[in-house]
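A look at the structure
Spelled out from the first residue to the last, the chains are:
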Amino acid sequence: MTEDARVAGEDSVGARASASLSDLAYRRLEEAIVTLSLRPGAVLTEAQMIDLVGVGRTPVREALIRLAQQGLVEILPRKGVVVTAIDAIDVMAALDAREVLERLIAVEAAKRAGPSERSAILAKARAMREAAQADDVNAYMRLDKELDTLVAAAARSPYANRAVEPLQALIRRAWYFFDRQIDLVPAAHHHVALAQALVAGEPGAAAQASDTLMQHLREGLLAALQRE
């Protein structure tokens, strides 16, 4: 192996490690924000966030840029970051956009998913149902995100996935904020119905199941907003 090849290989490994740490920082911060461990309006310094996620300054900064692009934090130069507020109008607008994207992703996943992907999707949806029946909110929401990731991968639609990901995070955070725990079991059944349509490879049924799930989320959040 030449010296140039060795250096290039080391650089590639280093880049992957950096990306992995950045993803880890992002996942931990996003979960803390979505589950309201970091409340809307909270102001944190860079040092506090480094302590929170347990990685270095560069991965945390990269994660914050991503979170700011998704509207979950606002970066305050020389001060830190503030966790953005939850706005009811933004939540409903996000649902409007998410409904269209989720339908597209569901249809494409029904067409393109391989056998192992279909099995994984159904197993994840069933695990969500079990978590709902056990009233384990955090496990349910973690599984929900994992299911979204599986369906997006099966759809082979990276642009739609990148567009819908921040909307999914925003709706999950609103779900926590408006205390929608009573909705776990009904929502889980809608996720299982969607997974079954994907496993059956039926694009039309998948589109309908996706729309039904989004309508269920909309009705629940509207009911919560009316109580506020």
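Let me sum up the structure you'll find in this document. Keep in mind the model is a prediction, meaning the values are calculated, not measured.

The next point concerns the overall build of the protein chain. Check the secondary structure of the protein chain and you find 9 helices and 3 strands. Helices (α) and strands (β) of the protein chain occur, in sequence order from the N terminus, as α-β-α-α-β-β-α-α-α-α-α-α. The C-alpha atoms of the protein chain give 19 Å as radius of gyration, which agrees with the globular expectation for 228 residues (17 Å, within 12%). For the protein chain, the spread of C-alpha atoms along the three principal axes comes to 55 × 50 × 30 Å. Taken across its 228 residues, the protein chain has 45% of its residues classed as buried. Contacts spanning at least 24 positions in sequence make up 76% of the contacts within the protein chain whose residues lie at least 6 apart. Each charge class in the protein chain can be summarised by its mean position, and for the 27 positive and 31 negative side chains these summaries are 1 Å apart.

This part is about helix H9 (residues 203-227). The terminal C-alpha atoms of H9, which comprises 25 residues, lie 37 Å apart, in line with the 36 Å expected from a rise of 1.5 Å per residue. Among the residues making up H9, those that are buried are Ala206, Ala207, Ala209, Ser210, Leu213, Met214, His216, Leu217, Arg218, Gly220, Leu221 and Ala224. Looking at the buried side of H9, the elements it contacts are helix H4 (88-112), helix H7 (158-177) and helix H8 (184-199).

Moving on, we come to the pairing of strand E2 (residues 73-76). Side-chain positions along a regular strand alternate between the two faces of the sheet. Here 4 bridges tie E2 to strand E3 (residues 80-83), and the two strands are oriented antiparallel to one another. When the bridges of E3 are listed, valine 73 appears paired with valine 83. A loop of 3 residues connects E2 with E3, the two strands running antiparallel in sequence, and arginine 78 in this loop sits at a positive phi of about 65°.

Here arginine 78 is to be found in the loop between E2 and E3. For arginine 78, a relative accessible area of 86% translates into the label exposed. Through-space distance from the C-alpha of arginine 78 to that of alanine 109 is 44 Å; in sequence the pair is 31 residues apart.

Turning our attention to the environment of alanine 163. Turning to its location among the elements, alanine 163 is positioned in helix H7. Overall, the relative accessible area of 35% leaves alanine 163 in the partly exposed class. Between the C-alpha atoms of alanine 163 and alanine 93, which are 70 residues apart in sequence, the distance is 14 Å.

Attention now moves to unusual backbone geometry. Its identity is not glycine, yet leucine 36 carries a phi of approximately 70°, on the positive side. With respect to the helices and strands, the residue leucine 36 is situated in the loop between helix H1 (3-34) and strand E1 (43-44). Of note, the phi angle at arginine 156 is positive, near 55°, even though the residue is not glycine. Here arginine 156 lies in the loop between helix H6 (137-155) and H7.

To continue, consider the nonpolar core. Leu29, Val60, Leu64, Leu67, Tyr140 and Leu198 are the most contacted members of the largest nonpolar core, which totals 71 residues. When residues no more than four places from it in sequence are discounted, the contact partners of leucine 29 are Leu38, Met49, Leu52, Val53, Ala63, Leu64 and Leu67.

We now examine the packing of H4 against H9. With their axes 8 Å apart at the nearest point, H4 and H9 run at an angle of 165° to one another. Overall, the two elements H4 and H9 adopt an arrangement that is roughly antiparallel. Judged by the sense of rotation from one axis to the other, the crossing of H4 with H9 is right-handed. Here the contact of H4 with H9 is built from residues that sort into 15 nonpolar, 1 polar and 8 charged.

Think of it this way: side chains of opposite charge can pair up when their charged atoms draw near. The final tally for this structure, using the stated rule, is 17 salt bridges. For the salt bridge of glutamate 117 with arginine 156, the shortest nitrogen-to-oxygen distance reads 2.9 Å. One end of the pair, glutamate 117, is in helix H5 (residues 115-133); the other, arginine 156, is in the loop between H6 and H7, with 39 residues separating them in the sequence. Salt bridges sharing partners connect three or more residues here, namely Asp96, Glu99, Arg103, Asp211 and Arg218.

What counts, and at which threshold
- Residues numbered from 1 in each chain as written.
- Predicted model: local features only at pLDDT ≥ 70, side-chain atom pairs only at ≥ 80, totals over all residues.
- Heavy atoms only, no water.
- Helix = DSSP H or I, 4+ residues; strand = E, 2+ residues; numbered from the N terminus.
- Rg over C-alpha atoms; globule rule 2.2 N^0.38 Å.
- Buried < 20%, exposed > 50% of the residue type's maximum accessible area, 1.4 Å probe, protein only.
- Contact = heavy atoms within 4.5 Å.
- Lys, Arg positive; Asp, Glu negative; His and termini not counted.
- Charge placed at Lys NZ, Arg CZ, Asp CG, Glu CD.
- Expected span 1.5 Å × (residues − 1).
- Pairing = 2+ DSSP bridges.
- Core = buried A, V, L, I, M, F, W, Y, C linked by side-chain atoms within 4.5 Å.
- Axes fitted to C-alpha atoms, helices over the stretch in contact; angles between N-to-C directions.
- Parallel < 35°, antiparallel > 145°, perpendicular 65-115°, else oblique.
- Left-handed = near helix turned anticlockwise from the far one by under 90°.
- Nonpolar A, V, L, I, M, F, W, Y, C, P; charged D, E, K, R; others polar.
- Salt bridge = Lys/Arg side-chain N within 4 Å of Asp/Glu carboxyl O.

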